[in-house]
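Summary of structural features
Each chain, written out:
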Amino acid sequence: MGRADQVVQVWKEWGLQALVLLSFTLQVVLLILAEFRRRMNPGVLWAFLWSAYLLADSTAIYVLGHLSATSRSPEHELMAFWAPFLLLHLGGQDNITAYSMDDCRLWLRHLQTLSVQVAAAAYVLYQSSIFTGSNSFLLPATILVSVVGIVKYGERVWALRCAGIGALAMNEPGIARTSVGVSATNDPGADALAMKDLRPKRVKPSAYGLSTSHQDTEGLLLIAHLLLDIPKNFFQMPVHDEDVRLDASHFSMEEMYRVAEMQLSLMHDVFYTKAEVMRSRYGLCIRIFSTLATTVALLLFHLLLLDVHHHNLKGYRRENVSVTYVLLVGAVILETMSLWRAIFSSWTCALLASQSLGARNIWNLLGRGIMSFRRLVNAAHSRRRYWSGSMGQHNLFDLGVRSRDSRISRIARWIGIENPWNTLVYSRSIRTSPEIKKLVANQVLKSDSAPETSLDHIFNSRGRTVLKRWGYYEDLSWSVIGMELEESILVWHIATNVCLRWFYNINIWSKEDYALAEAVKALSDYMLFLLGLRPYMLPPPASRSAYVKLCSDIPVLHYNTTQHLRLILWNYGNALNTESDFNFYYATMSEDRRQSLLGNKALQGGSKLGARLVSMSLQTLMEKIDHVLLLIAQVWVEILCYAGYRCTTNSHTKQLSNGGELITVTAFLLEHRRRLDMLRASASGAPSASEEANGG
């Protein structure tokens, strides 16, 4: 017998068992890897998760089809018993129902698959000897596991449907994010009425057992749940008025920033897990039933094996018995874990808190008990990172220097993929520093309460309000208005790098100044990262065209280091500001190339702005070193706020499955600020900025 024949023979004898065990193993892999999904950027781990997600369904479906042809003989009775477990596997794990939003939008396809696979499992069982034999233990075990499998699979489809309805609402052609930042129609009066309906009821935190001063992590997580209608409204999802209860005016903006970070993780759960189904009474009942049913099925199968007088016992192959035990024990363990995770989850705490609303009843006692247990085991602290907590970094000056010296970049240029290659390779990620979080929180907190249609509102400012506050609007307004967002990002990115060169060369740094400079650089590189690698995270119609042109123009300059390049552009900016002649020196530069360089508006604007900022720094050097640094930082934060609030909701939800983005946290924080303004306006009887914007 040849080697190929041996492989075929082994596959015939063990292939089905191996595939069934593979299906179970993939469920365990998904359970483990999905926990890291919300807290990690795409990488090697994501390749494993993506492969496991695709293989899990296809393997179970393939095995079900194969069982229909191999389970007709009496000796294959146990193989037919595996069919309900495959339905259970198709039901998936609680912490991952969808890999992308496309899975949610195609929930009807999953419903069709559910119908077909349930019919296939029923056919497998009908053709087997389970229903026709005299076995008194295997039949009830089969029925129990079948019911659990169908219910769990149906629950997954329902979870996809709930998320899919929200996804379809975000795609509604008549709904768009306007300058007001809400789902606006063509009727301003209707918009104002809708915002009045969404106004939170004034229920104090003490009604939920929360302090009005300092909140621990568990308390902040409960607040994030109770205020989850705010990001849902931001995503234009259906919101029930009874869920809008908590008065958040008692919390500081720093606390609300942490709440927004947690809500990033919670919205990931809403779209990509069974959280929306689990947080209901029905979800808890399903988990109690599935745990009991699989446990009883395991006991029945064990009793079957103890019945030595059973006439079919000798027909069971030992390997099939072992596989069946693995499936039963594995199902009991997974369902028990699902039950305990559901009972002690923060979702259950929020459900009980909303049910009790401070009243001394059974729901209140249960909620407080679960919260106490979670505090005892530091459940909220165990998930220190509710999202990736990282910022992508892409620096135009580093790209210009490193790509010129790279042989691989020259090869990429030769085959025509230089730009995407350089953009991907010369990018990295860093942790979001406390200084950046503080800058964002303070900027949102201290923003002017102008009408939301005003250009001075933080939703629309894009830096103009900061320049007015610092008294530089007349001089620098051209850098934030009158140009597209992508061009403004490039201008301020170049100017930031030119200005930082001067700051890094002086020796009168304090620790606070250095932290601020690092935060400024990180924000600048982050916005360029979004423009270069993730332009879909910027408001439409943002494009990479200006970025691509700048990447092609800069390398023709004659420079050796990033410092040298910054010096060249600083001199160029000084020449532009003084209206004097300036010639780029590069021996091999053609006249066309030179004209292209001189005609690059982003390069001109960035150099001019950078030189002006350095001049401003020299003027304020003896007064306060961080004067200009703070100005640049606040401009970047306003640009971040502008971009985040106008980014499409589809783009935000897409990035939720990729570890989340700082720009989404900022957008959530802005929505919280908007709600606080509405709440305070309703308390004083004055119209809020939102209502003024809509004529309400």
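Quick caveat, the model's predicted, so the values are computed rather than measured. (Residues numbered from 1 in each chain as written. Predicted model: local features only at pLDDT ≥ 70, side-chain atom pairs only at ≥ 80, totals over all residues. Heavy atoms only, no water.)

Within the chain, the secondary structure is distributed over 33 helices and four strands. For the chain, buried positions account for 56% of its 696 residues. Partitioning the contacts of the chain with sequence separation of at least 6, the portion at a separation of at least 24 is 81%. Element-wise, carbon and sulfur atoms account for 60% of the exposed surface of the chain, whose accessible area totals about 29,500 Å². (Helix = DSSP H or I, 4+ residues; strand = E, 2+ residues; numbered from the N terminus. Buried < 20%, exposed > 50% of the residue type's maximum accessible area, 1.4 Å probe, protein only. Contact = heavy atoms within 4.5 Å. Areas by Shrake-Rupley, 256 points an atom, 1.4 Å probe, with all protein chains shown as cover.)

Moving on: a nonpolar patch on the surface. A surface patch of nonpolar side chains, about 340 Å² in accessible area, is lined by Phe131, Ile143, Val147 and Phe289. On the secondary structure map, Phe131 appears in the loop between α6 (107-127) and α7 (138-170). A relative accessible area of 45% places Phe131 in the partly exposed class. (Patch = residues over 30% accessible without salt bridge, like charges linked within 9 Å, V, L, I, M, F, W, Y side chains within 5 Å. Salt bridge = Lys/Arg side-chain N within 4 Å of Asp/Glu carboxyl O.)

What follows deals with the side chain of Ser388. With respect to the secondary-structure elements, Ser388 resides in the loop between α17 (379-382) and β3 (390-393). Not counting residues within four places of it along the chain, the set of residues in contact with Ser388 comprises Arg38, Arg39, Met40, Asn41, Arg431, Gly659 and Gly660.

Regarding helix α26 (residues 545-553), the residues found buried are Tyr547, Leu550, Cys551 and Asp553. Looking straight down α26, one finds that the buried residues subtend no more than 165 degrees of arc, so they occupy a single side. (Arc of directions from axis to C-beta.)

With that out of the way, let us pick up helix α27 (residues 562-578). Compared with an ideal rise of 1.5 Å per residue, which puts 17 residues at 24 Å, α27 spans 24 Å between its outermost C-alpha atoms and is within 8% of the ideal. Looking one or two residues past α27, Glu579 carries a phi angle of roughly 55 degrees, positive in sign. (Expected span 1.5 Å × (residues − 1).)

In the predicted model, the chain carries a mean pLDDT of 82, and 80% of its residues have values of at least 70. Ranking the elements of the chain by mean pLDDT puts strand β2 (residues 183-184) last with 38 and helix α4 (residues 83-90) first with 96. In this model, residues 172-176 is a region of pLDDT below 50 whose contacts with residues beyond four sequence positions or in other chains number nine contacts. Low pLDDT, under 50, characterises residues 691-696; the stretch is placed with 15 contacts to residues that sit more than four places away or in other chains. (pLDDT = per-residue confidence, 0-100.)

Looking now at the nonpolar core. Core analysis: the largest hydrophobic core is formed by 171 residues, its most contacted members being Leu67, Met267, Phe271, Leu396, Trp492, Met527 and Leu613. Excluding anything up to four places from it in sequence, Trp492 contacts Ser479, Val480, Leu609, Leu613, Ile632, Val635, Trp636 and Ile639. In this structure, Leu30, Leu33, Trp46 and Leu49 belong to the second largest nonpolar core, which totals eleven residues. (Core = buried A, V, L, I, M, F, W, Y, C linked by side-chain atoms within 4.5 Å.)

The next subject is the pattern of salt bridges. Enumeration according to the criterion identifies 23 salt bridges in this entry. The salt bridge partner of Lys274 is Glu155, with a shortest N-O separation of 3.5 Å. Taken together, the residues span a long stretch of sequence, with Lys274 in the loop between α11 (253-272) and α12 (275-278) and Glu155 in helix α7 at a distance of 119 residues. Across this residue pair, the class does not change: Lys274 and Glu155 are buried. Asp456 is the salt-bridge partner of Arg464, the closest N and O atoms lying 3.1 Å from each other. By relative accessible area, which is 10% here, Arg464 ends up buried. Residue classification places Asp456 among the partly exposed residues on the basis of a relative accessible area of 24%. A cluster of three or more residues bridged by salt bridges with shared partners is formed by Asp94, Lys152, Glu155, Lys274, Arg287 and Glu335.

This brings us to the packing of helix α25 (residues 511-533) against helix α30 (residues 627-646). Running from N to C, α25 and α30 point in directions that differ by 35 degrees, and their axes come no closer than 9 Å. Seen along the crossing, α25 lies across α30 with a hand that is left-handed. From α25, Asp513, Leu516, Ala517, Val520, Leu523, Ser524, Tyr526 and Met527 reach across to α30, where they touch Leu629, Leu630, Ile632, Ala633, Trp636, Val637, Ile639, Leu640 and Ala643. For the contact of α25 with α30, the residue count by class is 15 nonpolar, one polar and one charged. (Axes fitted to C-alpha atoms, helices over the stretch in contact; angles between N-to-C directions. Left-handed = near helix turned anticlockwise from the far one by under 90°. Nonpolar A, V, L, I, M, F, W, Y, C, P; charged D, E, K, R; others polar.)

This part is about the packing of aromatic side chains. Scanning the model with the defined rule gives 14 aromatic pairs in all. A ring pair is formed by Tyr53 and Tyr99, whose centres lie 5.9 Å apart and whose planes are at 35 degrees; its orientation type is tilted. Taken together, the residues Tyr53 in helix α2 (residues 44-70) and Tyr99 in the loop between α4 and α5 (101-105) connect sequence positions 46 residues apart. When the centroid spacing of 4.7 Å and the interplanar angle of 40 degrees are considered together, the rings of Phe344 and Phe373 count as tilted. Taken together, the residues Phe344 in the loop between α14 (318-343) and α15 (346-356) and Phe373 in helix α16 (residues 362-376) connect sequence positions 29 residues apart. The class of Phe373 is partly exposed, set by a relative accessible area of 36%. Among the aromatic residues, those joined into a cluster by ring pairs are Phe234, Phe235, Phe271, Tyr272, Phe459, Tyr645 and Phe668. Its guanidinium or amino end placed over the ring of Tyr272, Arg37 lies 4.8 Å from that ring's centre, counting from NZ or CZ. Over the face of the ring belonging to Trp14 we find Arg317, whose NZ or CZ atom lies 6.0 Å from the ring centre. (Phe/Tyr/Trp six-rings, centres within 6.5 Å; stacked < 30°, edge-to-face > 60°. Lys NZ or Arg CZ within 6 Å of the ring centre and 35° of its normal.)

Attention now goes to the packing of α4 against α14. One can describe the packing of α4 onto α14 by two numbers: an axis separation of 11 Å at closest approach and a directional angle of 30 degrees. Put simply, α4 runs roughly parallel to α14. For the crossing formed where α4 meets α14, the hand is left-handed. Residue-level inspection shows Phe85, Leu88 and His89 of α4 in contact with α14, the latter providing Leu327, Leu328, Ala331 and Glu335. Per-class residue counts for the contact of α4 with α14 are five nonpolar, one polar and one charged. (Parallel < 35°, antiparallel > 145°, perpendicular 65-115°, else oblique.)

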